[in-house]
Structure formats: C-alpha cells, structure tokens
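# Descriptive analysis of the structure
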Amino acid sequence: MSEHVHSADLNTVPQPEHLGDHPGYGTFIKVWVALLILTGALVGVSHLGQTYAVWGLLTLTPLKAGLVFYFFMHLKYEGPLLKIVVLVTLGTLLIFFALLFSDVAFH
C-alpha cells in the first residue's frame, strides 16, 4: 500500500503558532503617534537653547529608538538571548561613544 499525497497538502502554508501574540494595527498607530509626539517635543526643546537641545537629544532619541526596536522591529516578541545580544551591542556602542566624546572633550 503506497502513501498517497494530495495536492492540497502541498499547497498549504503552515500558520505561525503565536499569531495572537503580535499586535494589531492599533498598537502600531499608537506607537507611531508617540514617536510623532516625541519628535515634536525634541523640536520644541531644540528652540530653547543648545544645552536643552543636547539634553533632549540624549534623552528622547534613545527613547524613540527603543520604541522602534521594541515594536516595529518586533524585539518584544523575540527570545531573551536576542534581547541580551542587542543590549550588549548597544551598551558597547555607548561605551565607545563615551570614550570618543571624552577624548574630544579633553584634547
């Protein structure tokens, strides 16, 4: 007796098991609106002076990047190992930037 494969079985695409875990359009729109508000706040702070602009950049820009990483790049739904790798990479980049700025500031 031979196994018979139906053509319908070959054309079916396996569905992801965690389909309900991913957000809908509403979540993405809320995050997008939050990014627009943060961008507006950053532009507003930049008109207050150079010192405020720098502090605004140093605080609001990582927050915006975190939202993009977390929601739009789906880091929220990844495993802990990938999250740790991303954090270590960003931490290393932050250390290099701090060393670069300290070198420029003291020379």
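Sequence order sets the numbering: in each chain, residues are counted from 1 along the sequence as written. It should be noted that, the model being predicted, local features are given only for residues of pLDDT at least 70 and side-chain atom pairs only at 80 or more, the latter also being counted only at that level, while totals for whole chains, interfaces and linings use all residues. Heavy atoms throughout the structure, all of them, feed into the side-chain values; hydrogens and water do not.

### Here we look at the packing of aromatic side chains
- Two rings from Phe, Tyr or Trp (for Trp, the six-membered ring) form a pair when their centres are within 6.5 Å of each other. A pair whose planes differ by under 30 degrees is stacked, one over 60 is edge-to-face, and the rest are tilted. In total, this model carries 3 aromatic pairs according to the counting rule given.
- Centre to centre, the rings of Y70 and F71 are 5.3 Å apart; their planes meet at 85°, and the pair counts as edge-to-face.
- Exposure remark for F71: the relative accessible area of 14% places this residue in the buried category. Note on exposure labels: buried denotes an accessible area under 20% of the residue type's maximum, exposed denotes more than 50%, and partly exposed covers the range between, all computed with a 1.4 Å probe on protein chains only.

### A look at the layout of surface pockets
- Points on a 1 Å grid over protein atoms alone make up a cavity when a 1.4 Å probe fits among them but cannot get out, and a pocket when they form an open set with protein on both sides within 12 Å along at least five of seven lines; lining residues each have an atom within 4 Å of a point. Grid points are joined across faces, edges and corners, and a volume is the space filled by probe spheres set on the points. Taken as a whole, the largest pocket holds about 530 Å³ of empty space.
- Contributing to the lining of the largest pocket are 14 residues, with L58, T61, P62, L94 and F97 lying nearest its centre.
- Runs of H or I in DSSP of at least four residues are treated as helices and runs of E of at least two as strands, each being numbered from the N terminus. Of all the elements in the fold, those that place two or more residues in the lining of the largest pocket are α3 (50–72) and α4 (80–105).
- With 8 residues, the top contributor of residues to the lining of the largest pocket is α3.
- For the lining of the largest pocket, the residue count by class is 12 nonpolar, 2 polar and no charged. In this classification, the charged set is Asp, Glu, Lys and Arg, the nonpolar set is Ala, Val, Leu, Ile, Met, Phe, Trp, Tyr, Cys and Pro, and all remaining amino acids, among them Gly, are polar.

### A word on unusual backbone geometry
- One non-glycine residue with positive phi stands out, namely H74, at about 60°.
- Mapping H74 onto the fold places it in the loop between α3 and α4.

### So, the environment of A53
- Relative to the helices and strands, A53 resides in helix α3.
- Placed 10 residues apart in sequence, A53 and V43 show a C-alpha to C-alpha distance of 8.2 Å.
- In what follows, residue pairs with any heavy atoms lying within 4.5 Å of each other are defined as contacts. Beyond its immediate stretch of four places on either side in the chain, A53 contacts V45 and S46.

### Some remarks on the packing of helix α2 (residues 25–46) against α3
- Axis separation between α2 and α3 bottoms out at 9 Å; the angle between their running directions is 170°. Between α2 and α3, the interaxial angle falls into the category roughly antiparallel. Within the contact between the two elements, α2 uses T27, F28, V31, W32, A34, L35, L38, T39, A41, L42, V45 and S46 and α3 uses Y52, A53, G56, L57, L60, T61, L63, K64, L67, V68, F71 and F72.
- In terms of residue class, the contact of α2 with α3 is built from 18 nonpolar, 5 polar and 1 charged. With axes taken as lines fitted to C-alpha atoms, and helix axes fitted only over the stretch in contact, angles between N-to-C directions fall between 0 and 180 degrees. When an angle is under 35 degrees it counts as roughly parallel; over 145 it counts as roughly antiparallel; between 65 and 115 it counts as roughly perpendicular; any other value is oblique.

### Here we look at the confidence of the model for the protein chain
- The predictor rates its confidence in each residue with pLDDT, a number between 0 and 100. For the protein chain, per-residue confidence averages 83 on the pLDDT scale, and residues scoring 70 or more make up 80% of the total.
- Taken element by element, the protein chain is modelled with least confidence in helix α1 (residues 7–11), mean pLDDT 54, and with most confidence in α2, mean pLDDT 94.

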